[in-house]
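Now for the letters of each chain:
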Amino acid sequence: MTLSSTLLTVSSCGVYSFSGTTLSPTIKTVTINNFTLQTAGGPANLPLNLTEKLKEYYQRYTNLKVIPTGGDMALEGTVTGYDLIAVAPTANDQAGLNRLQITIQVRFTNTKDDTKSFDQAFSFYKDFPQNQTLSQNEGQLVPLILDQLVLDVFNKTAADW
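## Some details on the overall build of the protein chain
Consideration 1: Counting secondary structure elements, the protein chain contains three helices and six strands.
Consideration 2: Put simply, the protein chain runs from its N terminus to its C terminus through helices and strands in the order α-β-β-α-β-β-β-β-α.
Consideration 3: Long-range contacts, defined as pairs at least 24 residues apart, comprise 65% of the intrachain contacts of the protein chain with a sequence gap of at least 6.
Consideration 4: Accessible surface computed for the protein chain: about 9100 Å², of which carbon and sulfur atoms make up 52%.

## Regarding the pattern of salt bridges
Consideration 1: If you walk through the whole model with that rule in mind, you get six salt bridges.
Consideration 2: Salt-bridge contacts for Asp-127 lead to Arg-99; the nearest nitrogen and oxygen are separated by 2.8 Å. Pair noted here: Asp-127 is in strand β6 (residues 118-129) and Arg-99 is in strand β5 (residues 95-110), with a separation of 28 residues, a long-range link.
Consideration 3: According to the relative accessible area criterion, Arg-99 is buried, its value standing at 19%.

## Some thoughts on the confidence of the model for the protein chain
Consideration 1: Overall, the predicted model of the protein chain reaches an average pLDDT of 87, with 82% of residues at or above 70.
Consideration 2: For the protein chain, helix α1 (residues 3-12) is the element with the lowest average pLDDT, namely 40, and strand β1 (residues 29-32) is the one with the highest, namely 98.
Consideration 3: Counted against residues more than four places away or in other chains, residues 1-19, with its pLDDT under 50, gives 13 contacts.

## So, the pairing of β1
Across a regular strand the side chains alternate sides, sitting on one face of the sheet and then on the other.
Consideration 1: Side-chain alternation along β1 places Thr-29 and Thr-31 on one buried face and Val-30 and Ile-32 on a second face that is also buried.
Consideration 2: Strand direction decides the pairing type here: β1 and strand β3 (residues 65-66), joined by two bridges, are parallel. Residue Thr-29 lies in a different strand from β3, and its bridge partner there is Lys-65.

## Regarding the side chain of Thr-31
Consideration 1: Within the secondary structure layout, Thr-31 lies in strand β1.
Consideration 2: A distance of 3.2 Å separates the side chain of Thr-31 from the backbone oxygen of Ile-67, its partner in a polar contact.
Consideration 3: Ignoring any residue separated from it by four or fewer positions in sequence, one finds Thr-31 in contact with Ile-67, Pro-68, Thr-69, Gly-70, Gly-71, Met-73, Ala-74 and Leu-75.

## A word on the packing of aromatic side chains
Consideration 1: Across all of its chains, the model carries six aromatic pairs by this definition.
Consideration 2: Plain terms: the ring middles of Tyr-57 and Tyr-61 are 4.4 Å apart, the flat faces sit at 40° to each other, and that makes the pair tilted. Taken together, the positions of Tyr-57 and Tyr-61, both in helix α2 (residues 46-61) and four residues apart, correspond to about one turn of that helix.
Consideration 3: Ring geometry for Phe-124 versus Tyr-125: centroids 6.1 Å apart, planes at 25°, classification stacked.
Consideration 4: Looking at Phe-124, the relative accessible area reads 24%, which means it is partly exposed.

Calculation notes
Residues numbered from 1 in each chain as written. Predicted model: local features only at pLDDT ≥ 70, side-chain atom pairs only at ≥ 80, totals over all residues. Heavy atoms only, no water. Helix = DSSP H or I, 4+ residues; strand = E, 2+ residues; numbered from the N terminus. Contact = heavy atoms within 4.5 Å. Areas by Shrake-Rupley, 256 points an atom, 1.4 Å probe, with all protein chains shown as cover. Salt bridge = Lys/Arg side-chain N within 4 Å of Asp/Glu carboxyl O. Buried < 20%, exposed > 50% of the residue type's maximum accessible area, 1.4 Å probe, protein only. pLDDT = per-residue confidence, 0-100. Pairing = 2+ DSSP bridges. Polar contact = N/O pair within 3.5 Å; in protein donor to acceptor, adjacent residues only side chain to side chain. Phe/Tyr/Trp six-rings, centres within 6.5 Å; stacked < 30°, edge-to-face > 60°.

Dropping the structure here:
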């Protein structure tokens, strides 16, 4: 089978994309509503940063047009957890590491195929040394955690993983 016939076969099925998405060709738009903060901790701009990262990711890795309302797919949600947890106990019953964990609740609607819609929690964390404070690490850890959460949400909605 030649490369051109392989590409024709792959493209003719209409669902596969080389960006890793499995979106139906009938889906052309996505609406990503502003996330809200429903937890006591975390930076005030955390929901805005998450919303913007999601919009940017969908624009970069799909052919979907991000529109303010009425998209073929819609995402909305809340930041429900911003937790500092002591982990990895040492012999002295002290924490060997601290963990920053962020949890979000995502409501996803697929207007073209309701079986793909969901309301699900996503969570990710990063650890840092116990002899350092959260304020020393927050600036570098939060973007890394948000990047992973965006990837997890994207994979669930666009890559169907």
